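Chains, contacts and geometry: an overview
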Amino acid sequence: MARIRKGEGQTALVTGASAGIGVDLAECFAKDGYNLILAARTENALREVAERLAKTHKVTATPIAVDLGAIGGGANLAEAIKAKGLTVDVLVNNAGFGHAGAFNGSDLATQLGMIDLNDRALVELTHIYWPGMLANKRGGVLNVASTAAFQPGPLMAIYYASKAFVLSFSEALWEEARGTGVHVSCLCPGPTVSKFRERAGTGKVRLSQAGGTPMSSASVAVLGYRAWKRNKRVEITGLRNRVLARLVPFLPRTTILGIVRNLQSPI
Ligand SMILES: NC(=O)c1ccc[n+]([C@@H]2O[C@H](COP(=O)([O-])OP(=O)(O)OC[C@H]3O[C@@H](n4cnc5c(N)ncnc54)[C@H](OP(=O)(O)O)[C@@H]3O)[C@@H](O)[C@H]2O)c1
């Protein structure tokens, strides 16, 4: 008799599932039998991922192309999901981008765009699906923050702040969900192999040389998925990243600011 998989009959919505960590997170859920809804802007890439994961893991996978950085992008996605007669049990808020450089002279649309995607869309989608999760007493939210969440980030200020928001929001929701059966985890990766660096421009800063070998997106995703299954509040990937993040509260704030400024400085 075929084994019944944990996620059988449930659906996970994964944002930013056209590339990088999101693809691997989607695969973790698919392996456990969750049907998938995959969202990002690039339709072709999404369709390819959906077809591969559906075939490999015998689940349904629905690609939906959407710009979550646009105001109301979360609501548009939810409308499209509803129109297809689908529901969401687990929400994986993974879509995000960073941008390196001083705040002075930066492009305002890019700075606000980080907030719109990394925070606004994440809150919007969570607000839409959270009541249903609580009512069903199952499912939950897996938010992707970053080790950037643990301290301010001079020369990448808005990205760090946007991820601090994700961490704070996720931990608060974890507490609000306590005892309900709904899981909330915040995945905090350090440097990870993906297209992130290309878009963020972080390949040209000292951190890219001092940050250790980047982890693979697959290993980061597995850690995140396992953490979410156990309802682990925060998962920092990799021993080095864990130690550094846990050290931050014990160091003077000005020391931290100096260290991060140095790491975010051009090579
Ligand atoms: N890689 C790292 O070193 C690292 C470290 C810490 C945290 N993170 C976080 O991990 C998450 C995933 O990043 P990644 O490393 O996998 O980067 P990535 O390879 O650049 O993937 C980002 C994903 O987000 C999607 N996306 C970007 N803008 C979007 C928009 N406006 N609307 C909808 N989808 C959008 C992209 O698809 P489209 O371009 O097709 O829209 C893509 O699927 C992000 O939240 C990032 O901040 C990454």
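In what follows, the structure referred to is the one given above.
The shown structure was predicted, so the numbers you read here are calculated from the model rather than taken from an experiment. (Residues numbered from 1 in each chain as written. Predicted model: local features only at pLDDT ≥ 70, side-chain atom pairs only at ≥ 80, totals over all residues.)

**Let's talk about helix H3 (residues 73-83)**
Within H3, burial applies to Gly73, Gly74, Leu77 and Ile81. Down the axis of H3, the buried side of the element spans an arc of 100 degrees, and every buried residue falls inside it. In H3, the exposed positions angled more than 90 degrees off the buried face are occupied by Lys82 and Ala83. On its buried face, H3 sits against strand E2 (35-40), strand E3 (61-65) and helix H4 (108-136). In the stretch just after H3, Gly85 is the one whose phi turns positive, near 75 degrees. (Buried ≥ 20, exposed ≤ 12 C-beta atoms within 10 Å, placed from the backbone. Helix = DSSP H or I, 4+ residues; strand = E, 2+ residues; numbered from the N terminus. Arc of directions from axis to C-beta. Contact = placed C-beta atoms within 7 Å.)

**Brief notes about the site of the ligand**
Around the ligand sit 31 residues in total, of which Gly16, Gly20, Arg41, Thr42 and Gly96 are the nearest. When contributions to the shell around the ligand are tallied by element, the ones reaching two or more residues are helix H1 (21-31) and helix H6 (196-200). Here the shell around the ligand is built from residues that sort into 13 nonpolar, 14 polar and four charged. (Near = placed C-beta within 6 Å. Nonpolar A, V, L, I, M, F, W, Y, C, P; charged D, E, K, R; others polar.)

**Section: the nonpolar core**
Counting residues in each nonpolar core, the largest one holds 73 residues, and the members touching the most others are Ala26, Phe29, Leu36, Leu38 and Ala39. In contact with Phe29, not counting residues within four places along its chain, are Gly7, Ala12, Tyr34, Leu36, Val90 and Tyr225. (Core = buried A, V, L, I, M, F, W, Y, C linked by C-beta atoms within 7 Å.)

**With respect to the packing of H1 against helix H2 (residues 43-57)**
Following both chains from N to C, one finds H1 and H2 inclined at 25 degrees, their axes separated by 10 Å at the closest point. In this view, H1 runs roughly parallel relative to H2, as classed from their interaxial angle. By crossing handedness, the relation of H1 to H2 is classed as right-handed. Here Val23, Ala26, Glu27, Ala30 and Lys31 of H1 come into contact with H2, specifically with Val49, Leu53 and His57. Along the lines of polarity and charge, the residues of the contact of H1 with H2 split into five nonpolar, one polar and two charged. (Axes fitted to C-alpha atoms, helices over the stretch in contact; angles between N-to-C directions. Parallel < 35°, antiparallel > 145°, perpendicular 65-115°, else oblique. Left-handed = near helix turned anticlockwise from the far one by under 90°.)

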